[in-house]
Amino acid sequence: MNLFFLLGRLNALVTLNIQPIEMIGVLMRVFSFSLISWLGPQSPFFFVWGFNTIAAVLLSWCAIIKKDRAYIILNVFWMGVGIVGIFRAAGFFNP
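Residues numbered from 1 in each chain as written. Predicted model: local features only at pLDDT ≥ 70, side-chain atom pairs only at ≥ 80, totals over all residues. Heavy atoms only, no water.

(A) The arrangement of a nonpolar patch on the surface in detail. Taken together, the side chains of Leu-3, Leu-6, Leu-7, Leu-10 and Leu-13 make up a nonpolar region of the molecular surface, amounting to roughly 440 Å² of accessible area. Within the secondary structure layout, Leu-7 lies in helix H1 (residues 3-16). (Patch = residues over 30% accessible without salt bridge, like charges linked within 9 Å, V, L, I, M, F, W, Y side chains within 5 Å. Areas by Shrake-Rupley, 256 points an atom, 1.4 Å probe, with all protein chains shown as cover. Salt bridge = Lys/Arg side-chain N within 4 Å of Asp/Glu carboxyl O. Helix = DSSP H or I, 4+ residues; strand = E, 2+ residues; numbered from the N terminus.)

Rendered as structure tokens:
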């Protein structure tokens, strides 16, 4: 199966289900930040950053489909922050 064909199918699936996918992304983000708020320094930071980054990918994809520039910028930014957070939680950027 061709990669472009697969991405086209995934894009069609996201387009058909954009509202539930956006809600899932928002709830994922609320859950990940709630964990940090509740648990503080005992938070599973690697999990939180990974989960939050997946939410940012979902929300970025939806924003791109909707051509919403503000949310594209916001969520792509959070993807970058998430990647840095994942590397820090894994110990790659710690002094």
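(B) Representation of the packing of aromatic side chains in the model. Throughout the structure, instances matching the rule amount to 5 aromatic pairs. For the pair Phe-31 and Phe-51, a centre-to-centre distance of 5.7 Å together with 75° between the ring planes defines the contact as edge-to-face. Here Phe-31 is found in helix H2 (residues 18-39), whereas its partner Phe-51 is found in helix H3 (residues 45-66), with 20 residues between them in sequence. Owing to a relative accessible area of 37%, Phe-31 belongs among the partly exposed residues under this scheme. Residue Phe-51 is classed as partly exposed on the basis of its relative accessible area of 22%. (Phe/Tyr/Trp six-rings, centres within 6.5 Å; stacked < 30°, edge-to-face > 60°. Buried < 20%, exposed > 50% of the residue type's maximum accessible area, 1.4 Å probe, protein only.)

(C) Representation of the packing of H3 against helix H4 (residues 69-89). The geometry of H3 relative to H4 is characterised by a closest axis approach of 8 Å and an angle of 160° between their N-to-C directions. As the angle between them shows, H3 and H4 are arranged roughly antiparallel. Handedness of the crossing formed by H3 with H4: left-handed. Between H3, through Phe-45, Phe-46, Trp-49, Gly-50, Asn-52, Thr-53, Ala-56, Val-57, Leu-59, Ser-60, Ala-63 and Ile-64, and H4, the contact on the second element is made entirely by Tyr-71, Ile-72, Asn-75, Val-76, Trp-78, Met-79, Val-81, Gly-82, Ile-83, Gly-85, Ile-86 and Ala-89. In terms of residue class, the contact of H3 with H4 is built from 17 nonpolar, 7 polar and no charged. (Axes fitted to C-alpha atoms, helices over the stretch in contact; angles between N-to-C directions. Parallel < 35°, antiparallel > 145°, perpendicular 65-115°, else oblique. Left-handed = near helix turned anticlockwise from the far one by under 90°. Contact = heavy atoms within 4.5 Å. Nonpolar A, V, L, I, M, F, W, Y, C, P; charged D, E, K, R; others polar.)

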